[in-house]
Amino acid sequence: MTPTPAQSGLSVDSLTVRFDGHPAVNTVSLAVAEKSVLALVGPSGCGKSTLLRAVAGLVIADEGAVGWNGADITNKPAHQRDIGLMFQNHALFSHRSVAQNIGFGLRMRGDDRLTIRQRVGELLDLVGLVGFEKRQVQSLSGGEAQRVALARAVAPAPALLLLDEPLASLDRARRVELNAELGALLRTLGQTAIYVTHDQHEAFAVADEVGVMNAGCLVRVGTPTEIWNDPQTEFVARFVGHETIIDYQGARWAVPAAAVELVHADEDQDDCCRATVIECRFEGDRCAIKAADAQGTVFTSFASAAKPLGTHVLLRLHHDRFALIG
Amino acid sequence: MGVAASALPMVFLAVFFVWPVANLIWRGLGDDISRLGEVLTGERFLRVIWFTLWQACASTALTAVIAAPLTWAIANRRFTGRRVARVLVTVPFVLPTVVVGGAFIAVMDRFGLNDGSLRLRHTVWAILIAHVFFNVAVVVRTVGGFWSQLDREQELAAQTLGATPWQAFREVTIPRLAPSVWSSLSIVFLFTFTSFAVVLLLGGPRRSTIETEIYRWAVTRGDISTAAALSVVQIAAVVALVALNQWLQGGVAATSSLLGDRAIAAKGRRQRVAVAAAVGGTGLFLAVPVVVLIERSLRLGGNLTFENYLSLGDRVRLLPVSALDAVANSLLFGLAAAGIALVIGGMGAIAVVHGTGAIRHMLSVGLLLPLGTSAVTLGFGVLITLDKGWLDLRSSWWIIPITQGLIGIPFVVRAVVPVMRAIDPSMREAAAVLGASPRQVRREIDLRIGTRALVTGVGFAFAISLGEFGATSFVGRSPDQLTVPLAIERLLGTPGDLLRGQAMALSVILMVVTAAVVLVGDRVHPGDGGVL
């Protein structure tokens, strides 16, 4: 997993950050190729935000190295790294207007006023806030503030953009919408990025690769499909959304809803198992049904109509769609 | 910038504060140790120390009683003009001490209290009433401000458990308020213990506190050893009081569950009358001296006239320069002192917020020390210390703004530091990842956000410098460096219709300028700029 030194993009090598002797980030190595997006997921407190801050240069790493295009930047101060960060709480400058917020990074590197004004206009256009230049940041809604924060972070066209739970302060509906927009935008810009979130759906939607963290360690890296189909550990399987984990033919498997079929009573039932509906969650165009078999294992499947609790059902398990945990 | 930000304030404090005070203590102990023994045992000095103590106790108790109704009303009831009342009550507190002295002399003239059965002149009552006038704001703003933020839930809980409103007040509210009450009263005690001009002007020749006694021994009699010995006693007492205040203030910070505003509209006739009486009564008490002062400034030979103001340009025999020259001097010194407070206080605030280790700790304490030091000991210390070699400042006019600026620095620091500390750290980090160097972060984030507080603090420093009397009465010895407060004190000390009229006119000018600076400051940066 150790990146080769000459690699393009970001390389993190055995990075450790300790708080009071306790490792918040524990010998993490990872690489992000240029123009690709890595999502870091993990439960809160797993060290993903700390890792992000170490990459940005806002916390000092105790051990290990951070490199960009082969050059060691471990000891560079944050303001010289050319790495942008979009903060969880946005951290907009409350004493400045929208345009002054977005233009801040450009002013810091010495762009002239005209260039800054043009670029701010372009960015507001990009994030869908045309005409917001003079607005005070306190008057913005959550979604607007999030867009301004994004525009501010990408304005200086940083080599690497870090996003720390950028949607955490929004309500659910806005989150789904902006998540999709954000993913499209990062791709349009060809922006190299690390996207931190605790929500696996968000991660899958924006990322080329997903890294799963637990207790300071990076436990699995891969494309969304690889991780879903081959979680390798029970923690990863559960974290990315596998609810049912069973022992089968001497191994452990995750059983996704797609591998569980509800069978009509008149079908051939030889390969089916009997189960009882214990939960039926209405999701609009479908119902998520949880049913327990005789051993108490709970399977999830989808049905077009609701089924009353306690109904006996037949489940057919498609073993070829199981994900091996090992 | 990191090094400069802490180095300059450190050097300034060391040279102009620590050294003079240390030298004063050294002279008090070392010159003639028997003098300190005399001070601590001699009957005359014991009488002075005793009077200082008991008048401070009496002033504090009286302030608490007079301030209580308005404190209750402002904290608990919404009424028209509540915000205005909160701001206006601060005005007496920021008035220069000589102006308050002048106002009470005008009141005594106006209502015939100079002799007869209601004689107030040269009695301790004149001192006590003036001290209450001054310090009502301390109690109303600290206790009232704290009280208005205490949630009602706990009192309501007590009432659901069967407590009467009075029992809930006694069992729940009072214990929660206690830390802020003790803290504000200890500040009032400190102020009245070190009160100088009020005692000098209203107490007459026979009433003397440690503060006025130091002045009389040092300036009138020229006995530096005795004055220094008295200063040691004063410094020891003040250090003890400040330590007590710090200890009491710890309790205020530790109290939790603060809300926005607990005040509710007054319900029923009785409550409305109570609020009106509290606001009106206290308002009348605070307004009368101010109104009488203005009226007296417009009166000469029994007629209403602007003559007192118009004659300020003419030199009267009593003063070395005309009163108008004194106004020009005060403005010049005030601007210079404000500039010093801006530079030293601003850099010091940044060093306190961003610095590390021992230097940060030393500055965070050191920059506030001049606030707790009595003006008389400060001025006296500077006078007897900065008189040698390249630091011989006695003949330079800079000695005045430096001393006054020293007194203004704590106000700048107290206004700015909390604002800078409250800045969300992620805002500085955001600036850093956008390419701002640490220096640019301080300029773009800390200074920008702190600007309003800085302006307010510097405004206070300017106002304080204009009205400063205690320290200036020591360092402003040169005749052509006469300031307005010094001129007022001299004019008040001599009978004569025009002299007194001019004193009142100068007092009104000083009052208007200081009140304006403070009121504007309150609009720019709501709160009190760290005064209280």
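Because the structure is predicted, anything quoted here is derived from the model rather than measured.

Cut-offs and rules
Residues numbered from 1 in each chain as written. Chains lettered and ligands numbered in written order. Predicted model: local features only at pLDDT ≥ 70, side-chain atom pairs only at ≥ 80, totals over all residues. Heavy atoms only, no water. Helix = DSSP H or I, 4+ residues; strand = E, 2+ residues; numbered from the N terminus. Buried < 20%, exposed > 50% of the residue type's maximum accessible area, 1.4 Å probe, protein only. Contact = heavy atoms within 4.5 Å. Areas by Shrake-Rupley, 256 points an atom, 1.4 Å probe, with all protein chains shown as cover. Lys, Arg positive; Asp, Glu negative; His and termini not counted. Charge placed at Lys NZ, Arg CZ, Asp CG, Glu CD. Buried area = accessible area lost by both parts, 1.4 Å probe. Salt bridge = Lys/Arg side-chain N within 4 Å of Asp/Glu carboxyl O. Polar contact = N/O pair within 3.5 Å; in protein donor to acceptor, adjacent residues only side chain to side chain. Nonpolar A, V, L, I, M, F, W, Y, C, P; charged D, E, K, R; others polar. pLDDT = per-residue confidence, 0-100. Axes fitted to C-alpha atoms, helices over the stretch in contact; angles between N-to-C directions. Parallel < 35°, antiparallel > 145°, perpendicular 65-115°, else oblique. Left-handed = near helix turned anticlockwise from the far one by under 90°. Pairing = 2+ DSSP bridges.

Asks: Would you explain the overall build of chain A in this entry?
Replies: Counting its secondary structure elements, chain A contains eight helices and 18 strands. Over its C-alpha atoms, taken along the principal directions, chain A stretches across nearly 75 × 45 × 35 Å. The 326 residues of chain A split such that 50% are buried. Within chain A, residue pairs in contact and separated by at least 24 positions form 64% of the contacts whose partners lie at least 6 positions apart. Surface summary for chain A: the accessible area is close to 15,200 Å², and the carbon and sulfur share equals 51%. A distance of 9 Å separates the average location of the 30 positive side-chain charges in chain A from that of its 38 negative side-chain charges.

Asks: Please clarify how the interface of chain A and chain B should be interpreted in this entry.
Replies: Where interface size is quoted, it is often the accessible area lost as the parts come together. In this assembly, 23 residues from chain A lie in contact with 18 residues from chain B. Between chain A and chain B, roughly 1,700 Å² of surface is buried when both sides are summed, and carbon and sulfur atoms account for 64% of that area. Put simply, chain A and chain B have three salt bridges between them. Two residues, A:Arg96 and B:Glu444, come together in a salt bridge whose shortest N-O distance is 2.7 Å. At the boundary of chain A with chain B, the tally comes to six residue pairs in polar contact (both at pLDDT 80 or more). When contributions to the side of chain A that touches chain B are tallied by element, the ones reaching two or more residues are helix H1 (48-56), strand S6 (83-86), helix H2 (98-108) and helix H4 (142-154) of chain A. For the side of chain A that touches chain B, the element with the most residues is H2(A), which contributes four residues. Tallied by class, the residues present in the side of chain A that touches chain B amount to 13 nonpolar, six polar and four charged.

Asks: When you look at the pattern of salt bridges in this model, what are you seeing that I'm missing?
Replies: According to the stated counting rule, one finds 30 salt bridges over all chains in the structure shown. With a shortest N-O distance of 2.7 Å, A:Arg53 and B:Glu429 are connected by a salt bridge. On the criterion of chain membership, the pair formed by A:Arg53 in helix H1 and B:Glu429 in helix H20 (residues 425-433) is interchain, its members lying in two chains. By relative accessible area, B:Glu429 is classed as buried at 18%. A:Arg107 serves as the salt-bridge partner of B:Glu444, at 2.7 Å between the closest nitrogen and oxygen. With B:Glu444 in helix H21 (residues 438-467) and A:Arg107 in helix H2, this pair bridges two chains.

Asks: Mind showing me how you'd approach the environment of B:Gly334 here?
Replies: Residues and elements named next belong to chain B. Here Gly 334 lies in helix H15 (residues 323-354). Along the backbone, Gly 334 and Leu 466 are 132 residues apart, and their C-alpha atoms lie at a distance of 5.5 Å. Those residues in contact with Gly 334 that lie beyond four places of it in its chain are Phe 462 and Ser 465.

Asks: Please clarify how H1(A) should be interpreted in this entry.
Replies: Counting along an α-helix, one turn takes 3.6 residues, and residues three or four places apart therefore face a common direction. Of all nine residues that make up H1(A), seven are buried, and the element is covered over most of its length. Just past H1(A), the residue A:Gly57 takes up positive phi, approximately 90°.

Asks: What am I meant to see in the side chain of A:Ser97 here?
Replies: Residue and element names in this part refer to chain A. Here Ser 97 is to be found in the loop between S6 and H2. Under the relative-accessibility criterion, Ser 97 is labelled buried at 9%. Discounting chain neighbours no more than four positions away, the residues touching Ser 97 are Glu 133, Lys 134, Arg 135, Gln 136 and Val 137.

Asks: How should I be thinking about unusual backbone geometry in this particular structure?
Replies: Trans peptide bonds make up most of the peptide bonds, and negative phi angles are found at most residues other than glycine. Phi is positive for A:Thr27, close to 40°, though the residue is something other than glycine. If you trace the backbone, A:Thr27 turns up in strand S2 (residues 22-32). Phi at B:His122 takes a positive value of approximately 60°, unusual for a residue other than glycine.

Asks: Mind showing me how you'd approach the confidence of the model for chain A here?
Replies: In regions of low pLDDT, the predicted coordinates are not meant to be interpreted in detail. Averaged over all residues, the pLDDT of chain A equals 87, while 97% of them reach at least 70. In this model, residues 1-6 of chain A is a region of pLDDT below 50 whose contacts with residues beyond four sequence positions or in other chains number eight contacts.

Asks: Can you walk me through the packing of H20(B) against H21(B) in this structure?
Replies: In helix packing, the relevant descriptors are the interaxial angle and the interaxial distance, both defined with respect to the helix axes. All names here are of chain B. Following both chains from N to C, one finds H20 and H21 inclined at 150°, their axes separated by 9 Å at the closest point. Classified by the interaxial angle, the pair formed by H20 and H21 is roughly antiparallel. Two packed elements cross with a definite hand, and for H20 against H21 that hand is right-handed. Across the interface between the two elements, Met 427, Arg 428, Ala 431 and Ala 432 from H20 touch Val 441, Ile 445, Asp 446 and Ile 449 from H21.

Asks: Any chance you could explain the sheet that holds strand S9 (residues 209-214) of chain A here in plain terms?
Replies: One key point about sheets: their strands pair by backbone hydrogen bonds, in either a parallel or an antiparallel sense. Residues and elements named next belong to chain A. One open sheet holds the six strands; their spatial order is S6-S7-S8-S3-S9-S10, and the pairing between them is mixed. At either margin of the open sheet sits one strand with a lone partner, and together these are S6 and strand S10 (217-222). Taking each pair of neighbouring strands and ignoring which way they run, the sheet shows an average axis angle of 20°. When strand S3 (residues 37-41) meets strand S8 (residues 193-197), the two strands line up parallel, connected through five bridges. Residue pairing for S8: Val 41 is matched across the bridge by Thr 197. Sitting on the sheet, H1 touches S3, S6, strand S7 (160-164), S8 and S9, and the angle it makes with S7 is about 150°.

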